[in-house]
Amino acid sequence: MDIITDIKAMQDRCFAERAAGRTIAFVPTMGFLHEGHLSLLREGRRRGDLLVLSIFVNPAQFGQGEDLDRYPRDFARDEQLARACGVDLIFYPAADAIYPDDYATFVNVVGPLTTTLEGASRPGHFRGVATVVAKLLIIVQPQVALFGRKDFQQLAVVRRMTTDLNLPVEIVGMPIVRETDGLAMSSRNVYLSDAERQQALSLSQALARGRHLAAEGVCAVGEVLAALRAMIEAQPAARIDYLRICHRSSFLEQERIDVDSVLLLAVTVGKTRLIDNGSLLDEAEAC
Ligand code: AMP
């Protein structure tokens, strides 16, 4: 496994790999790897001849007062996990290489996709995400790039951006990996105290309850959201940022739950902001 920090060296290497006929599968991350990231790497290993992992805590996607400075990092551990997953190449650039002092170019996906939900709560976040993902795709030149549905809106933004910019890459979305008790895996879960960790279960429990209600035929969005809101607000350390039921591709809010409905939620537990999402109805259960 090779580790490359230099952008030009990375671009040259990836160009040469493609020229030699190899398929590049790429998994971009901010590091501090967990099973969610590893599931992407395992699928990438299956899909590519060369498996590339990037580790870059992207300053452009963090807002003022967010956790950029304390975002967890452990490169030595990430390196071991990457090796065990069969990663061929880790791209590990410095922030000032990606964004030098005179940096001036940003990719902005416009419309409800980036102004609602995470976009409304974290202004500029998706501009930072779209910019870094576009740059990474140009540097790594993969045929396939893998992203988690844990960041459901991010995945939609990345798909929109690659389609609109005609980037020749297949974007693959992968299922959310959860702890055995249901908590969606996240690098940020390490911030949680034991008591907060317990209360953080209210996110996945709300999802499960929403699915249960929809399966029982309770499909009025207002009624379902009121029940879920009460569940989460019963946790003293939990503060709801948003809790919405939206159409999976337009991201517009719905009044009735159908097979295209996705429940999306962001909840701050203590000082840790957590997100989760999931669909509410299978085809067979439609209200
Ligand atoms: P991050 O390091 O948080 O930027 O995440 C890197 C990639 O891993 C993104 O595509 C995430 O959606 C994905 N990811 C993070 N957590 C999970 C999870 N629990 N299950 C599946 N994918 C995940």
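Okay, so let's go over this structure. Quantities reported herein were computed from a predicted structural model and do not represent experimental measurements.

Basis of the calculations
- One numbering rule holds for all chains: residues counted from 1, following each sequence as written.
- Since the coordinates come from a predicted model, pLDDT governs what is reported: local features require at least 70, and pairs of side-chain atoms require 80 or more to be given and counted, while whole-chain, interface and lining totals use all residues.
- Hydrogens are left out, water is left out, and the side-chain values use all remaining heavy atoms of the structure.
- Counting from the N terminus, the helices are the DSSP runs of H or I reaching at least four residues and the strands are the DSSP runs of E reaching at least two.
- For this measure, only C-alpha atoms enter the radius of gyration; the expected value for a globule follows 2.2 Å times N^0.38, where N is the number of residues.
- Think of it in three bands: with a 1.4 Å probe and only protein chains considered, a residue is buried below 20% of the maximum accessible area for its type, exposed above 50%, and partly exposed in between.
- Between two residues, a contact is recorded if the distance between any of their heavy atoms is within 4.5 Å.
- A 1.4 Å probe and the Shrake-Rupley method give the accessible areas. Residues count as covered only by the protein chains that appear here.
- When a carboxyl oxygen of Asp or Glu lies within 4 Å of a side-chain nitrogen of Lys or Arg, that pair is called a salt bridge.
- Pairing between two strands requires that DSSP report at least two bridges joining them.
- A helix is expected to span 1.5 Å for every residue after the first.
- Simply put, an axis is a line fit to the C-alpha atoms, just over the touching stretch for a helix, and the angle between two N-to-C directions goes from 0 to 180 degrees.

The next thing to look at is the overall build of the chain. Within the chain one finds eleven helices and nine strands. By the compact-globule yardstick of 19 Å for 287 residues, the chain fits well, its C-alpha radius of gyration being 19 Å. Evaluated residue by residue, the chain yields a buried proportion of 52% over its 287 residues. Contacts in the chain between residues at least 24 apart in sequence constitute 72% of all its contacts with a sequence separation of at least 6. Per element, the accessible surface of the chain, about 13200 Å² overall, is 49% carbon and sulfur.

Turning to its location among the elements, asparagine 189 is positioned in the loop between strand E6 (170–174) and helix H9 (194–199). Since its relative accessible area comes to 12%, asparagine 189 is described here as buried. If we skip the residues at most four places from it in the chain, asparagine 189 touches Leu183, Ala184 and Leu274.

In this section: unusual backbone geometry. The phi torsion at phenylalanine 32 lies on the positive side, around 55°, for a residue other than glycine. Position of phenylalanine 32 among the secondary structure elements: in the loop between strand E2 (24–29) and helix H2 (35–47).

Here the focus is the pattern of salt bridges. A full pass over the atoms with the stated rule returns 20 salt bridges. Residue arginine 46 is joined to glutamate 43 by a salt bridge in which the shortest nitrogen-to-oxygen separation is 2.8 Å. In this pair, arginine 46 and glutamate 43 are both assigned in helix H2, three residues apart and thus about one turn of the helix distant. Overall, glutamate 43 belongs to the buried group, its relative accessible area being 14%. Put simply, Glu66, Glu118, Arg122, Asp241 and Arg273 are held in one network by salt bridges that share partners.

Of all eight residues making up strand E9 (residues 272–279), six are buried, and the element is well covered by its neighbours. Two strands pair when backbone bridges link them, and strand E8 (residues 261–269) and E9 are joined in this way by eight bridges, in the antiparallel orientation. When the sheet's bridge partners are listed, leucine 264 is paired in E9 with asparagine 277. Linking two consecutive strands that pair antiparallel, namely E8 and E9, is a turn of two residues; a positive phi of about 65° is found at glycine 270 within it.

A word on H2. Over its 13 residues, H2 runs 18 Å from end to end, which matches the ideal 18 Å to within 8%, given 1.5 Å per residue. Among the residues of H2, those classed as buried are Gly36, His37, Leu38, Ser39, Leu40, Leu41, Glu43 and Gly44. In this structure, the buried residues of H2 make contact with E2, strand E3 (50–55), helix H3 (75–84), strand E5 (144–148) and E6.

Turning our eyes to something else, we now look at the sheet that holds E9. On the basis of which strands lie adjacent, the open sheet formed by three strands has the order E7-E8-E9 and antiparallel pairing. Looking at which strands have only one partner, the edges of the open sheet turn out to be strand E7 (238–247) and E9. Neighbour to neighbour, the strand axes of the sheet diverge by 15° on average, direction disregarded.

A few words on the sheet that holds E5. Spatially, the six strands line up as an open sheet ordered E1-E4-E3-E2-E5-E6, and their pairing is parallel. What marks the edges here is a single partner per strand, and that holds for strand E1 (2–4) and E6. Going from strand to strand, the sheet's axes swing by 25° on average, the running direction of each strand aside. Pairing of E2 with E3 involves six bridges; the strand directions are parallel. Along E3, the bridge assignment pairs valine 27 with leucine 53. Sheet strands in contact with H2 are E2, E3, E5 and E6, and its direction is about 160° off that of E5. Together, E2, E3, strand E4 (89–91) and E5 form the strand contacts of helix H7 (residues 125–140), whose direction differs from that of E2 by roughly 150°.

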